[in-house]
Amino acid sequence: MRTENLKPTGYNDGFINIPVSRVTRQGLHDLKESMGAASQAEVIEKAVAILLAIQNVARR
């Protein structure tokens, strides 16, 4: 996995404010607890990193 573009945890260079379904909101909450993440933002950061890694492998 290429990691040179990933920021250290806690680094903040922007915000997104998007509507999500109740299922997604609850899912983020559940993942936050099960991952031991400090915030839903951390869950999103990790999820995007995982999906990018999968995408990179799939493109090979």
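Residues numbered from 1 in each chain as written. Predicted model: local features only at pLDDT ≥ 70, side-chain atom pairs only at ≥ 80, totals over all residues. Heavy atoms only, no water.

Digging into the overall build of the protein
Applied cut-off: Under the scheme used here, helices are H or I runs from DSSP no shorter than 4 residues and strands are E runs no shorter than 2 residues, and both carry numbers assigned from the N terminus. Throughout, exposure labels follow a simple rule: accessible area from a 1.4 Å probe, protein chains only, divided by the maximum for the residue type, with under 20% read as buried, over 50% as exposed, and the rest as partly exposed. Values of accessible area rely on a 1.4 Å probe in the Shrake-Rupley scheme; residue burial ignores everything except the protein chains shown.
A count of helices and strands for the protein gives two helices and zero strands. In the protein, which comprises 60 residues, the proportion classed as buried is 10%. Of the roughly 5500 Å² that the protein leaves accessible, carbon and sulfur atoms contribute 56%.

Looking at the pattern of salt bridges
This is how the line gets drawn: A pairing counts as a salt bridge when a side-chain nitrogen of Lys or Arg comes within 4 Å of a carboxyl oxygen of Asp or Glu.
Evaluated as defined, the whole model comprises one salt bridge. The partner of Glu42 in a salt bridge is Lys46, and the shortest N-O contact between them spans 3.3 Å. Here the residue Glu42 and the residue Lys46 both occupy positions in helix 2 (residues 40–58), the gap between them amounting to four residues, near one helical turn. With relative accessibility at 16%, the residue Glu42 sits in the buried group. Overall, Lys46 belongs to the partly exposed group, its relative accessible area being 33%.

A closer look at the packing of helix 1 (residues 22–35) against helix 2
Quick reminder of the rule: Axes, fitted as lines to C-alpha atoms, cover a helix only where it is in contact. Angles between the N-to-C directions of the axes lie from 0 to 180 degrees. Any angle between 65 and 115 degrees counts as roughly perpendicular, while under 35 counts as roughly parallel, over 145 as roughly antiparallel, and the rest as oblique. The criterion used for residue contact is that any of the two residues' heavy atoms lie within 4.5 Å.
Two numbers describe how helix 1 lies on helix 2: the axes approach to 9 Å, and their chain directions differ by 90 degrees. Relative to helix 2, helix 1 is oriented roughly perpendicular. For the pair formed by helix 1 and helix 2, the contact residues are Arg25, Leu28, His29, Leu31, Lys32 and Met35 on the first element and Gln40, Val43, Ile44 and Lys46 on the second.

Points about a nonpolar patch on the surface
The line we're drawing: Without a salt bridge and with relative accessible area above 30%, a residue can belong to a patch; like charges are then joined within 9 Å and nonpolar side chains (Val, Leu, Ile, Met, Phe, Trp, Tyr) within 5 Å.
A cluster of nonpolar side chains, Ile16, Ile18 and Val20, forms an exposed patch at the surface whose accessible area comes to about 320 Å². Examined against the element boundaries, Ile16 turns out to sit in the segment before helix 1. We classify Ile16 as exposed; its relative accessible area is 66%.

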